[in-house]
There are 2 protein chains.
Amino acid sequence: MGLTRTEIFTLEQNQLAVLLKALAHPARIAILQHIIATKSCVCGDLVEELGLAQATISQHLRELKNVGIIQGTIEGVSVCYCINEEVWGVLQEQLNNFFNAYRGTSGCC
Amino acid sequence: MGLTRTEIFTLEQNQLAVLLKALAHPARIAILQHIIATKSCVCGDLVEELGLAQATISQHLRELKNVGIIQGTIEGVSVCYCINEEVWGVLQEQLNNFFNAYRGTSGCC
DNA sequence: TTTATTTATCGTAATATTGCAATATAATAT
DNA sequence: ATATTATATTGCAATATTACGATAAATAAA
């Protein structure tokens, strides 16, 4: 127990869940918004920007990197993170599929 | 520690995170898809449909209900669940805001 | 080489999530 | 009233998440 039974769900359901879980934290939402806002990618100023410890930010970045939403390239001493367009697109498409399935009231409750 | 520091994030960031967290599980995605697919709302056939124990399904339903994504009305012995249009709309809008902020490559990494 | 800077990793404490059996609750039917 | 059916709640074990201090690793500057 305590372990999600992924084997009983479809690949898409599991994939979407994994991507959404990576987004489902205010710090990671803030990190992504900051990466998007500061066109020039992002380095370690996230630690100042948000009020979390460096280790915590690094951990959140790794989670986003693990599911592929962002990617990082070493740039001298620091690391530059940015959106991975491909995965970002997959996420958007899967979300669209999900939301488009719903068409207004089913008129029941 | 072990507790998300919501106080350092905006209301919107926290709200979106809470909604996404409710979605971020394959069982809850499957439940929503089933509710959407079977127009006539849904009752307890989710237990048969997905392969999870009744207590587990009930728990997932409660989580979705807690954040307002679905609502349930008693219908005789059973309960009929359906999408809460208002919250569904809020979620879609907040997601749109989030994704629309990103416009193509930032051209950095 | 030594030092500073930046990021990653490890270890750990506190808390949350997942899943289920057992049981409780609520509504209908007999 | 009693039985039946459907859903909710409780309690628990296994695992995951969140946050952070301490420390390691990697690069650049002196």
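Structure shown above.
Residues numbered from 1 in each chain as written. Chains lettered and ligands numbered in written order. Predicted model: local features only at pLDDT ≥ 70, side-chain atom pairs only at ≥ 80, totals over all residues. Heavy atoms only, no water.

1. Considering the relation of the copies chain A and chain B
Thought 1: Mapping chain A onto chain B calls for a screw motion: a turn of 180° about the axis and a shift of 0.0 Å along it, with 0.0 Å RMSD after fitting. What we have between these two chains is a two-fold relation.
Thought 2: Looking at chain A, 100% of its interface residues are interface residues in chain B too, so the copies touch through the same face. (Least-squares fit on C-alpha atoms with pLDDT ≥ 70 in both. Contact = heavy atoms within 4.5 Å.)

2. As for the nonpolar core
Thought 1: I69(A) and I69(B) are the most contacted members of the largest nonpolar core, which has 66 residues in total.
Thought 2: Apart from residues lying up to four places away in sequence, I69(B) is in contact with L19(B), A22(B), L23(B), L32(B), L64(B), C82(B), I83(B), N84(B), V87(B), W88(B) and L91(B). (Core = buried A, V, L, I, M, F, W, Y, C linked by side-chain atoms within 4.5 Å. Buried < 20%, exposed > 50% of the residue type's maximum accessible area, 1.4 Å probe, protein only.)

3. Regarding the side chain of H34(B)
Thought 1: Of note, H34(B) is situated in helix α2 (residues 26-37).
Thought 2: Setting aside chain neighbours within four positions, we find H34(B) in contact with V42(B), D45(B), L46(B) and E49(B). (Helix = DSSP H or I, 4+ residues; strand = E, 2+ residues; numbered from the N terminus.)

4. Describing the protein's contact with DNA strand D
Thought 1: By nearness alone, 29 residues border DNA strand D, and H60(A), G2(B), Q54(B), V77(B) and Y81(B) come closest of all.
Thought 2: Among the atoms of DNA strand D close to the protein, meaning within 4 Å, 68% are from sugar or phosphate groups.
Thought 3: Listing elements by their share of the surface near DNA strand D, those giving two or more residues are α4 (54-66) of chain A together with α4 (54-66) and β2 (78-83) of chain B.
Thought 4: Looking at the surface near DNA strand D, the element that brings in the most residues is α4(A), giving five residues.
Thought 5: The residue makeup of the surface near DNA strand D, split by class, is 12 nonpolar, 12 polar and five charged. (Near = heavy atom within 4 Å. Nonpolar A, V, L, I, M, F, W, Y, C, P; charged D, E, K, R; others polar.)

5. Section: the interface of chain A and chain B
Thought 1: The partner chain B presents 46 residues to the 46 residues of chain A that form the contact.
Thought 2: Between chain A and chain B the total buried area reaches about 4,200 Å² when both faces are included, carbon and sulfur atoms providing 75% of it.
Thought 3: If you sort the residues of chain A by the area they bury against chain B, F98(A), F99(A) and Y102(A) come out on top, with a joint share of 17%.
Thought 4: Taken together, the links from chain A to chain B amount to zero salt bridges.
Thought 5: Along the lines of polarity and charge, the residues of the side of chain A that touches chain B split into 28 nonpolar, 13 polar and five charged. (Buried area = accessible area lost by both parts, 1.4 Å probe. Salt bridge = Lys/Arg side-chain N within 4 Å of Asp/Glu carboxyl O.)

6. Some points on the environment of V79(A)
Thought 1: Here V79(A) shows up in strand β2 (residues 78-83).
Thought 2: Residue class for V79(A) comes out partly exposed when judged on its relative accessible area of 30%.

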